[in-house]
Amino acid sequence: MQVNNLVRLFNSSRLRISSRTSLPSYQLVANFQTTTQLSDPASTGSALPEKPKRPVNAYLRFLQTVRPSLKAKNPDASPAAISKLAAVQWQMLDSAAKAKHEDEFKKEQTVWLQKNAKYLSQLTDQQREDIRQARSEKSEEKAKREHRKKLKDLGRPKRPLNGFLLYIADRKPKNLSKEENKQQLKLLAQKWAQLSDADKAPYNAQAAEALVKYREEVEKWEEKMIAGDHLDVIRRKHLILPPGSLAAKEAKTKAPK
């Protein structure tokens, strides 16, 4: 749905939109342009030496050898089901066969350790910092994805569109190409900026009404989450517990800011 795509556009980190910005949403769309993530080591101008690939362990080696035959015998099985079948075979494998895979792994591991030591010795201080920062951001993004997934799985109400986005949904043509969609967003953002307060009022009123309903639904949902001990999905400012209780201590460390 095109409205959902627009919402994702506003939520995209590439737009660098945050709650601290003073620009209204329509100006952010009108001024939209992609950016390069500065934390990407490949974009810093100093090319990294090729990183040696870590060898896979004994079990994964075995899995790679038996997966094709298991897939041929079980064409309708999912990747997870194939992995379970392989795990059963691994448990039944004799010690000599397991030792063979383990020896191959150890040999490649010895070579990899030498290559990796050389790779690390070639890195500059800036490259090391870039890699550390990239890993940190990757870890943070993974945590955010997992948190968003949990919110979705637990049925958290979705935030409604604001007045501007409702205007976009009402006026933007459907079935546009990527470039056409981008141009329409800029055009409609400009038109919205030129509308009088009276013309904007119906959209803003609809958004305000939806927002009131959304907040009520979120409060009910959070009460349900507290009862179910899902404290990590509750907004900290809405989590009121006795200061010395165990639940309060857990909430302090688990609840999102």
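Since the structure is predicted, the reported quantities are computational estimates derived from the model, not experimental observations. (Residues numbered from 1 in each chain as written. Predicted model: local features only at pLDDT ≥ 70, side-chain atom pairs only at ≥ 80, totals over all residues. Heavy atoms only, no water.)

(A) Representation of the overall build of the protein chain in the model. The helix and strand tally for the protein chain stands at ten helices and zero strands. Traced from its N-terminal end to its C-terminal end, the protein chain shows the element sequence α-α-α-α-α-α-α-α-α-α. Looking at the protein chain as a whole, 25% of its 257 residues are labelled buried. Taking as baseline every contact in the protein chain between residues at least 6 positions apart, the subset at least 24 positions apart corresponds to 59%. (Helix = DSSP H or I, 4+ residues; strand = E, 2+ residues; numbered from the N terminus. Buried < 20%, exposed > 50% of the residue type's maximum accessible area, 1.4 Å probe, protein only. Contact = heavy atoms within 4.5 Å.)

(B) Expanded view of the nonpolar core. Of all hydrophobic cores here, the largest spans twelve residues; its members are Leu161, Phe164, Leu165, Leu166, Tyr167, Ile168, Leu185, Leu188, Ala189, Trp192, Tyr203 and Ala207. Among the secondary structure elements, those contributing two or more residues to this core are helix H7 (163-171), helix H8 (178-194) and helix H9 (197-227). Here the element with the most residues in this core is H7; it accounts for five residues. The next biggest cluster of nonpolar side chains, apart from the first, holds nine residues, and it includes Leu63, Leu70, Ala77 and Trp90. (Core = buried A, V, L, I, M, F, W, Y, C linked by side-chain atoms within 4.5 Å.)

(C) Just the environment of Leu70, in detail. Among the structural elements, Leu70 can be located in helix H3 (residues 58-73). The exposure class assigned to Leu70 is buried, which follows from its relative accessible area of 5%. Residue contacts for Leu70: discarding those within four places in its chain leaves Ile82, Leu85, Ala86 and Gln89.

(D) Structural detail: unusual backbone geometry. Unusually for a residue other than glycine, Asn175 sits at a positive phi of about 55 degrees. Structurally, Asn175 is set in the loop between H7 and H8. Note on Asn175: relative accessible area 73%, which makes it exposed.

(E) Spotlight on the pattern of salt bridges. In total, this model carries seven salt bridges according to the counting rule given. Of the charged contacts in the structure, one is a salt bridge between Arg61 and Glu108, with a shortest N-O distance of 2.8 Å. With a gap of 47 residues between them, Arg61 in helix H3 and Glu108 in helix H5 (residues 95-122) connect regions that are remote in the sequence. A salt bridge links Arg148 to Glu141, with the shortest nitrogen-to-oxygen separation between them at 3.3 Å. On the accessibility criterion, Arg148 (46% relative accessible area) is partly exposed. The class of Glu141 is partly exposed, set by a relative accessible area of 33%. (Salt bridge = Lys/Arg side-chain N within 4 Å of Asp/Glu carboxyl O.)

(F) Representation of the packing of H3 against H5 in the model. One way to put it is that H3 packs onto H5 with a least axis distance of 8 Å and a crossing angle of 115 degrees. For the pair H3 and H5, the crossing hand works out as right-handed. Of the residues in H5, those in contact with Ala58, Arg61, Phe62 and Thr65 of H3 are His101, Glu102, Glu104, Phe105 and Glu108. Tallied by class, the residues present in the contact of H3 with H5 amount to three nonpolar, two polar and four charged. (Axes fitted to C-alpha atoms, helices over the stretch in contact; angles between N-to-C directions. Left-handed = near helix turned anticlockwise from the far one by under 90°. Nonpolar A, V, L, I, M, F, W, Y, C, P; charged D, E, K, R; others polar.)

(G) The arrangement of the confidence of the model for the protein chain in detail. Confidence in the prediction for the protein chain averages 81 pLDDT; 74% of positions are at 70 or higher. Every residue in residues 1-22 is under pLDDT 50, and counting partners more than four places away or in other chains gives 32 contacts. Predicted confidence is poor over residues 242-248, with pLDDT under 50, and the contacts of this stretch with residues over four places away or in other chains come to six contacts. (pLDDT = per-residue confidence, 0-100.)

(H) Spotlight on helix H4 (residues 79-92). Counted at 1.5 Å a residue, the expected span for H4 with its 14 residues is 20 Å, and the 20 Å between its end C-alpha atoms agrees. Of the positions making up H4, those classed as buried are Ile82, Ala86 and Trp90. One side of H4 holds all its buried residues, which, seen down the axis, span an arc of 80 degrees. Summarising the geometry of H4, the exposed residues directed more than 90 degrees from the buried face are Lys84, Gln91 and Met92. Summarising the contacts, the buried residues of H4 are in contact with H3 and H5. (Expected span 1.5 Å × (residues − 1). Arc of directions from axis to C-beta.)

(I) Fine view of a negative patch on the surface. A surface patch of negative charge is lined by Glu216, Glu217, Glu219 and Glu223. Given a relative accessible area of 35%, Glu217 falls into the partly exposed group. (Patch = residues over 30% accessible without salt bridge, like charges linked within 9 Å, V, L, I, M, F, W, Y side chains within 5 Å. Areas by Shrake-Rupley, 256 points an atom, 1.4 Å probe, with all protein chains shown as cover. Lys, Arg positive; Asp, Glu negative; His and termini not counted. Charge placed at Lys NZ, Arg CZ, Asp CG, Glu CD.)

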